[in-house]
Amino acid sequence: DATFYSHYAGIRPAAPGYREILIRPEPPPGVARVAATRVTPVGEIASAWEQAEGVFQLTVTIPANTTATILLPVADAAQVLESRACRTSRSRTVA
């Protein structure tokens with residue numbers, strides 16, 4: 001269970017009590033999709049991804065009044081699209 005949530009789905013605390021969250025999925029070979037929801041003291045955190053034909057799609061839900069850092073398993077950040085818009089920056093803060 002711990003490996004599924006923290007590695008495959010990538011849901012990890014970045015600070016005590018999940019006030020800060022790290023989403024860093026690690027897709028295992030041969031797995032096309034993973035979806036997980038973790039109940040924490042601050043609310044539900046969800047991470048769902050799927051990969052097909054060289055495209056990796058991630059959907060994340062985090063509780064209000066928390067922050068999250070999302071690290072994607074991609075080699076080139078210039079190819080990352082957020083909400084169908086291309087982002088050339090390696091990091092982005094969403095308020």
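Placed above this text is the structure.
Residues numbered from 1 in each chain as written. Predicted model: local features only at pLDDT ≥ 70, side-chain atom pairs only at ≥ 80, totals over all residues. Heavy atoms only, no water.

1. Observations regarding the pairing of strand S5 (residues 55-61)
Now for step 1: Strand direction decides the pairing type here: strand S4 (residues 43-52) and S5, joined by seven bridges, are antiparallel. In the strand pairing of S5, Ser 47 is matched with Val 60.
Now for step 2: With antiparallel pairing between neighbouring strands as the criterion, S4 and S5 make up a hairpin whose turn holds two residues, including Glu 53 at a positive phi of roughly 50°. (Pairing = 2+ DSSP bridges. Helix = DSSP H or I, 4+ residues; strand = E, 2+ residues; numbered from the N terminus.)

2. Topic: the packing of aromatic side chains
Now for step 1: For the coordinates displayed, the defined rule picks out three aromatic pairs.
Now for step 2: On the basis of an interplanar angle of 90° and a centroid distance of 6.4 Å, the ring pair of Phe 4 and Tyr 8 is categorised as edge-to-face. With a gap of four residues between them, Phe 4 and Tyr 8 both fall in helix H1 (residues 2-8), about one helical turn apart.
Now for step 3: A relative accessible area of 30% means that Phe 4 is categorised as partly exposed. (Phe/Tyr/Trp six-rings, centres within 6.5 Å; stacked < 30°, edge-to-face > 60°. Buried < 20%, exposed > 50% of the residue type's maximum accessible area, 1.4 Å probe, protein only.)

3. Section: the sheet that holds S5
Now for step 1: Strand order across the open sheet formed by three strands is S3-S4-S5, with antiparallel pairing between neighbours. Only two strands of the sheet have a single partner each, and these edge strands are strand S3 (33-40) and S5. The average undirected angle you get between the axes of adjacent strands in this sheet is 10°. (Axes fitted to C-alpha atoms, helices over the stretch in contact; angles between N-to-C directions.)

Don't take any of this as a statement about function, it's just geometry.
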